Amino acid sequence: MKVRKNYNLILGISLAGVMMVFMLAGLFYTPYDPEAMDQALKFAPASFAHPFGCDQFGRDVFSRVLQGSGTTFFVAAGTLILGGGLGALLGLFTGYFGGWPDELLMRFNDLVAAFPGILLALVFISILGPGKYNVILALGIVFIPSFARIVRSQVIVHKDMDYVKSARLMGCGRMRILFVHILPNIKGTLFSALAIGFNNAVLSEAGMSYLGIGVQPPDASMGRMLSEAQAYIFTAPGSVLFPGLVIILMVLGFGLLSDGCNI
Amino acid sequence: MKYLTKKFCTLIITLLAVSLLSFLAFQIIPGDAAVSRLGTGATQEKAAKLRREMGLDRPVMERYGSWLKDFVQGDMGESYTYSLPVAGMIKEKLPVTLAIAGMSFFFMLAVSIPLGLLAGRYGGRLPDRILTVCNQIVMAVPGFFMGILLTCVFGLVLHWFTPGGYVSYQESPSGFFGYLVFPAIAIALPKCAMGVKLLRSSVIGELQQDYVRTAYSRGNSPRQVLYGHVLKNSLLPVITFWALAIADIMASSMILEQVFTAPGIGTLLVQSISNRDYPVVQAVIVLIAGLVVVINFLVDLLYGVIDPRINMKGEG
């Protein structure tokens, strides 16, 4: 990976970095209490005290967006650890060893692919019930097959390359070949898949929360904020535009990052 | 013919597996369907009686068999919440979702083919760069936020439609399509961006092939080469994406129906999930998954028509 001249990567890292700081900050700090209502500030326009204005209950939109992006980060990171981690492990093993587990995984993949996008996550939510941790569980399970497939296809390409053959000749164990030799060589693809996975998790969480079956109050969520604020788009445009804008910048940053990694 | 038989068998097996998976998923729900249906008035005897009526005391595979038999014959059970046949509820809402998905698909084709060709032809130059930047931004916008923006711009500012004023097909076909075209556009835009991106790279790759040089040397104009030779070859990888996009469009429709308060399958599904109305959820999910499997099967057949080389290999 050449970092210089790779404008997608530079721009992606900068934007994703800024959004990452924003999200991490939201996990620990908000300038105002996101739930504190103040009738005097109802639909207050943007000001220095309230940079994004206030919503229909007089709550500070900036604090709510900050907390909401914290929740989003928590959900997306949890999803990636669960789905990306398990998926990558499955892909590594099935790709390298092949045989019936590989065949089984691929058939299962085909099956899961029949449930488009967020639909399978909705099945899990309808069984588990809504809530932050159930969203992570549902999205994580849904993401496993796609990660497994991406990693598997890369492992299959790499396992017959000369550097793996020579490692085998030198007497490396299977685990060492997989994790020390093959894994570092497919990291570009893996990072790119993780960045895309992050985006999909952010968008799915926002969509599910928008529908009211994702993250539940008191956890703040930008999807939920948007569905509540939608009716007041003219009286308080800030409470609709800013959560939307923050989601767009997040997804844009990680999208560029993914494109930059994938060269 | 052998190819066709093989594909058809795979189709049937996948359909069975999808229905089994969906059926089993709803068997592991914590709590008893009979008790939850009775609500607060549940007693031991009442629950046992209802369990027998609902057939919950039989083994799982036997229940799956009879459920599948009924499902194929069009009997999808009865809604817990409304005590109405599920099939009727779905039949009423399906046209809305299909109209949105259909329009969305055609909009996606109509926008991404010309723009993808344009970006590919001017690869690396100004039109391509502008399109690439637009693509990145459009792809980052969540579908429902795009829906809100469209409602705001076309509904509240330009007054091209009344937000929340859904018109049924029976009342006025033009009003029906005129209203649903906006959710369709909101769904299609991110898919257009993805399609343009794929077609662009495919066209750039094809333009370097030998047959393009041959076509030029025989005196064809750039336009003739692009439309007569390059387009057909560069479409093949993009068709795979479009086929996958059909499934995605159905899923996005679930959300966009909610934004535009259109009474489609998605609205039904979301309501039923909130109400824990499992027969409806199960039927909708099996139906959509089945639809996606059948569409993928048809696309596989279409490949064979577009590129006859695929048929000869025996497997796709």
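Residues numbered from 1 in each chain as written. Chains lettered and ligands numbered in written order. Predicted model: local features only at pLDDT ≥ 70, side-chain atom pairs only at ≥ 80, totals over all residues. Heavy atoms only, no water.

Observations regarding the overall build of chain B
Which entries qualify depends on this criterion: What counts as a helix is a DSSP run of H or I of at least four residues, what counts as a strand is a run of E of at least two, and both are numbered from the N terminus. The buried label applies to any residue whose accessible area, calculated with a 1.4 Å probe on protein chains only, is under 20% of its type's maximum; exposed applies above 50%, and partly exposed to all values in between. Contacts were defined at the residue level, with two residues in contact if any of their heavy atoms lie within 4.5 Å. Here the Shrake-Rupley method, with its probe set to 1.4 Å, supplies the accessible areas, and only the displayed protein chains count as covering residues.
Tallying secondary structure elements over chain B gives 13 helices and 0 strands in all. The linear arrangement of helices and strands in chain B, starting from the amino end, is α-α-α-α-α-α-α-α-α-α-α-α-α. Its C-alpha atoms put chain B at 85 × 55 × 35 Å along the principal axes. Every one of the 316 residues in chain B was classed for burial, and the buried ones make up 42%. Summarising the internal contacts of chain B: among those between residues at least 6 apart in sequence, 71% fall at separations of at least 24. Carbon and sulfur atoms form 64% of the exposed surface of chain B, whose accessible area is close to 16200 Å².

Structural notes on the overall build of chain A
Each helix and strand counted, chain A has 10 helices and 0 strands in total. Counting from the amino terminus, helix and strand elements in chain A follow one another as α-α-α-α-α-α-α-α-α-α. Classification of the 263 residues of chain A by burial places 53% in the buried group. Just so you have it, chain A exposes about 11800 Å², and 68% of that area is on carbon and sulfur atoms.

Details of the confidence of the model for chain B
Residues and elements named next belong to chain B. Rules: Per-residue confidence from the predictor is reported as pLDDT, a score between 0 and 100.
Scored by pLDDT, chain B comes out at a mean of 81, with 91% of its residues at no less than 70. Mean pLDDT per element in chain B: helix 13 (residues 309-312) is the minimum at 59, and helix 5 (residues 86-121) is the maximum at 88. This complex was scored by the predictor with a pTM of 0.83 and an ipTM of 0.79.

Some points on the packing of aromatic side chains
Stated formally: Stacked, edge-to-face and tilted labels apply to pairs of Phe, Tyr and Trp rings (six-membered ring for Trp) whose centres lie within 6.5 Å, assigned for plane angles under 30 degrees, over 60, and everything in between, in that order. Look at NZ for Lys and CZ for Arg. If either is within 6 Å of the ring centre and within 35 degrees of the ring normal, a charge sits over the ring.
Taken as a whole and judged by the stated rule, the model has 16 aromatic pairs over all chains. For the pair F73(A) and F198(A), a centre-to-centre distance of 6.4 Å together with 55 degrees between the ring planes defines the contact as tilted. In this pair, F73(A) is assigned in helix 2 (residues 61-97) and F198(A) in helix 8 (residues 187-210), connecting sequence segments 125 residues apart. According to the relative accessible area criterion, F73(A) is buried, its value standing at 13%. Where Y210(A) meets F144(B), the ring centres are 4.6 Å apart and the plane angle is 25 degrees; that geometry is what we call stacked. Of this pair, Y210(A) sits in helix 8 while F144(B) sits in helix 7 (residues 143-157), on two different chains. With relative accessibility at 2%, the residue F144(B) sits in the buried group. Here the aromatic residues F93(A), Y96(A), F97(A) and F179(A) are joined through ring pairs into a cluster of three or more. Across from the ring centre of F74(A), 4.9 Å away, lies the NZ or CZ of K132(A), which sits over that ring.

What to know about the packing of helix 2 of chain A against helix 7 (residues 174-185) of chain A
All names here are of chain A. The following threshold applies: Axes here refer to lines fitted to C-alpha atoms; in helices the fit is confined to the stretch in contact. Angles between the N-to-C directions go from 0 to 180 degrees. In what follows, roughly perpendicular refers to angles from 65 to 115 degrees, roughly parallel to angles under 35, roughly antiparallel to angles over 145, and oblique to any angle outside these ranges. Crossing chirality is assigned from the near helix's rotation relative to the far helix, an anticlockwise turn below a right angle marking it left-handed and a clockwise turn marking it right-handed.
Close contact between helix 2 and helix 7 brings their axes to 11 Å; oriented N to C, the two are set at 115 degrees. With respect to helix 7, the axis of helix 2 lies roughly perpendicular. Crossing of helix 2 over helix 7 shows right-handed handedness. Contacts between helix 2 and helix 7 pair L89, L92, F93, Y96 and F97 from the former with R174, M175, I177, L178, F179, I182 and L183 from the latter.

Quick word on the interface of chain B and chain A
Much of the literature gives interface size as the accessible area that the parts lose upon coming together. Note the cut-off: Once two parts are brought into contact, the accessible area they lose, counted with a 1.4 Å probe and summed over both, makes up the buried area. Just to be clear on terms, a salt bridge is a Lys or Arg side-chain nitrogen sitting within 4 Å of an Asp or Glu carboxyl oxygen. By the convention adopted, Pro, Cys, Tyr, Trp, Phe, Met, Ile, Leu, Val and Ala count as nonpolar, Lys, Arg, Asp and Glu as charged, and the other residues, Gly among them, as polar.
Of the residues lining the interface, 42 residues belong to chain B; the matching set on chain A comes to 35 residues. When chain B packs against chain A, close to 3300 Å² is buried across both sides, 83% of that on carbon and sulfur atoms. Of all residues in chain B, F144(B), F145(B) and I273(B) give up the largest surface area on contact with chain A, accounting jointly for 17% of the area buried on that side. In this structure, the connection of chain B to chain A is made through 0 salt bridges. The class makeup of the residues in the side of chain B that touches chain A is 34 nonpolar, 5 polar and 3 charged.

A look at the environment of S204(A)
Residues and elements named next belong to chain A. Tracing the sequence through the fold places S204 in helix 8. Looking at S204, the relative accessible area reads 14%, which means it is buried. For the pair formed by S204 and L139, sequence separation is 65 residues and the distance between their alpha carbons is 8.0 Å. For S204, the contacting residues outside a window of four places in its chain are I118 and L139.

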